[in-house]
Amino acid sequence: MITVQSIFEYKAKEPVAITIGTFDGVHIGHRKILEKVINHAKKAKLKSAVLTFFPHPRMVLQKDADIKLLNTIAEKQMILANMGLDILVIHPFTTKFSRLTATEFVRDLLVNRLKSKKIIIGYDHRFGRNRTANITDLIAFGNILDFSVEEIQAQEIEEVSVSSTKIRKALEEGDVDTANAYLGYNYMLTGTVTKGKGLGRQLDFPTANLTIDESYKLIPKTGAYTIKSKLNGTDVFGMMNIGYNPTVNGKFKTIEIHFFDFKDNLYDRTIQIDMLHRLRDEKKFDSVYSLKEQLARDKENSLRLIAQ
């Protein structure tokens, strides 16, 4: 997959079938649109393309919107590449860009820059300055500028009653099972392993601290979770705590991972964590010994869930 960081720095060599949107989470609803684009491109001997935006438009246009995203840019790239997409254009979303008229957006960018021959969009797609243009306008542009438009009907998308907002809410409530079902894959956290205070090692549960640089990434509700990661080419299971370590009067939120049966040094490595199940809320224990007993129960519960 080719990834392009600005539409203004790119001119397509081959015509494309394209869809447009933020696609945060690339969830099962999004995949209906994306699979249509990829399949149509193959049949019509076109390249498949997605035009997406970063920052999320709501971050720019609604300054008070504290929106957290389901994917980092790197995670979204990985998911789309795995789906078989040919071209991903990630355009910087700015106030100036939002002021482009519908004509400028379609003629200058979609047609002249990206060579769009087929545009596939959801039933409620709007575009152009103040989002005033709709599917009818896009079809009219297509008749003039020589591209076809396919609208995915409401009932086809709504059969999968899913939205990025619903997934964010589920994760904020700690409901990883629902979030994963809506996503069609395990919710992931990607970050760098850094050194912690070493408390886990004293409790016989050595932990790796995960530092996530992207402040916009949604971190699920505090608590203990069963997780999985691919390390050295092998699936390794474990458990993770998101929280403040109240038993030892921790003051900062951390993400700490204990892997089962894994001994290699992970410091300074970038790893991806797949979240499988939520085990429990974070709580303050009467003693470090009680915490150690709970960690043993968490491991037992995790192994039972993994076996299922």
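Parameters and conventions
Numbering of residues starts from 1 in every chain and runs along the sequence as written. The predicted nature of this model means local features are confined to residues of pLDDT at least 70 and side-chain atom pairs, given and counted, to a pLDDT of 80 or more, with totals for whole chains, interfaces and linings taken over all residues. Processing note: side-chain calculations cover all non-hydrogen atoms of the structure and skip hydrogens and water entirely. The axes used here are C-alpha line fits, helices contributing only the stretch in contact, and every angle between their N-to-C directions lies in the interval 0 to 180 degrees. A run of H or I in DSSP becomes a helix once it reaches four residues, and a run of E becomes a strand once it reaches two; helices and strands are each numbered from the N terminus. Here the angle decides the label: under 35 degrees means roughly parallel, over 145 means roughly antiparallel, 65 to 115 means roughly perpendicular, and every other value means oblique. Crossing handedness is defined as follows: a turn of the near helix away from the far one that is anticlockwise and smaller than a right angle gives a left-handed crossing, while the clockwise case is right-handed. Contacts: residue pairs with any heavy atoms within 4.5 Å of one another. Classification of residues uses two cut-offs on accessible area relative to the type maximum, computed with a 1.4 Å probe and protein chains only: under 20% is buried, over 50% is exposed, and between them is partly exposed. Only strands joined by at least two bridges in the DSSP assignment are considered to pair. Each direction from the helix axis to a C-beta atom contributes to the arc, which is the arc of those directions. Any pair of nitrogen or oxygen atoms within 3.5 Å is treated as a polar contact; in protein, a donor-acceptor pairing is required on top of that, and neighbouring residues in sequence qualify only through side-chain atoms on both sides. We define a salt bridge as a contact between a side-chain nitrogen of Lys or Arg and a carboxyl oxygen of Asp or Glu at a distance within 4 Å.

Student: Please clarify how the packing of helix α5 (residues 102-113) against helix α6 (residues 135-145) should be interpreted in this entry.
Tutor: Two packed helices can be described by the angle between their axes and the distance between those axes. Where α5 contacts α6, the two axes come as close as 11 Å, and the packing angle between them is 50 degrees. Of the possible angle classes, the one that applies to α5 and α6 is oblique. At the point where α5 passes α6, the crossing takes the right-handed sense. In this structure, α5 contributes Ala102, Thr103, Val106, Arg107 and Val111 to the contact, and α6 contributes Leu138, Phe141 and Leu145.

Student: Hey, could you run me through unusual backbone geometry in this one?
Tutor: Glycine aside, a negative phi is what most residues show, and trans is what most peptide bonds show. Residue Pro55 follows Phe54 across a cis peptide bond; omega there is 0 degrees. Within the secondary structure layout, Pro55 lies in the loop between β3 (47-54) and α2 (57-61). Although it is not a glycine, Lys45 sits at a positive phi angle of roughly 55 degrees. By the element assignment, Lys45 lies in the loop between α1 (28-44) and β3. In this model, Asp261 sits at a positive phi of 55 degrees, which is unusual for a non-glycine residue. Structurally, the position occupied by Asp261 is in the loop between β11 (254-259) and β12 (270-280).

Student: Any chance you could explain the pairing of strand β10 (residues 234-243) here in plain terms?
Tutor: Every other side chain in a regular strand lies on the same face of the sheet, so the side chains alternate between the two faces. Counted residue by residue, β10 has seven buried out of 10 residues, so it is predominantly covered. For strand β9 (residues 223-231) and β10, the ladder comprises nine bridges, and the chain directions are antiparallel. By the bridge assignment for β10, Ala224 is matched with Asn241. Across six bridges, β10 lies against β11 in antiparallel orientation. From the neighbouring strand, Met239 faces β11, where its bridge partner is His258.

Student: Would you mind showing me how to read the sheet that holds strand β4 (residues 87-92) here?
Tutor: The strands making up a sheet are joined through hydrogen bonds of the backbone, oriented either antiparallel or parallel. The six strands lie next to each other as β1-β4-β3-β2-β5-β6, forming an open sheet whose pairing is parallel. Looking at strand neighbours, the two that pair on one side only are β1 (2-4) and β6 (148-152), the edges of this open sheet. On average, adjacent strands in this sheet sit at an angle of 20 degrees to one another, irrespective of strand direction. Bridge count for strand β5 (residues 116-122) against β6 is five bridges, and the pairing is parallel.

Student: In this structure, what is going on with helix α9 (residues 176-183)? I would like to understand it.
Tutor: Spacing of three or four residues puts side chains on the same side of an α-helix, whose turn is 3.6 residues. The set of residues buried in α9 consists of Val176, Ala179, Asn180 and Leu183. Buried residues along α9 cover an arc of 95 degrees about the axis, so they all sit on one side. At the C-terminal side of α9, Gly184 shows a positive phi close to 85 degrees.

Student: Help me out: how do you make sense of the side chain of Glu256 in this one?
Tutor: Position of Glu256 relative to the elements: it lies in strand β11. At 3.3 Å, the side chain of Glu256 forms a polar contact with the side chain of Asn245. In contact with Glu256, not counting residues within four places along its chain, are Thr207, Ala208, Asn209, Met239, Met240, Asn241 and Asn245.

Student: Just to check I follow, could you spell out the sheet that holds β10 for this structure?
Tutor: Spatially, β7-β8-β11-β10-β9-β12 is the arrangement adopted by the six strands of the closed barrel, whose pairing is antiparallel. Between one strand and the next, the sheet's axes are offset by a mean angle of 45 degrees, whatever the strand orientation. With respect to the sheet, α9 is in contact with β9 and β12, its orientation differing from that of β12 by roughly 125 degrees. Its contacts with the sheet put helix α11 (residues 288-307) on β9, β10 and β12, and the angle it makes with β12 is roughly 100 degrees.

Student: Would you take a moment to explain the pattern of salt bridges for this structure?
Tutor: Opposite charge on two side chains lets them pair, provided their charged atoms get close. All told, the structure shown has 10 salt bridges when counted by the stated rule. Note that Lys230 and Asp235 form a salt bridge whose closest N and O atoms lie 3.1 Å from each other. Looking at Lys230, the relative accessible area reads 55%, which means it is exposed. Three or more residues are tied together by salt bridges with common partners; here these are Lys36, Lys118 and Glu150.

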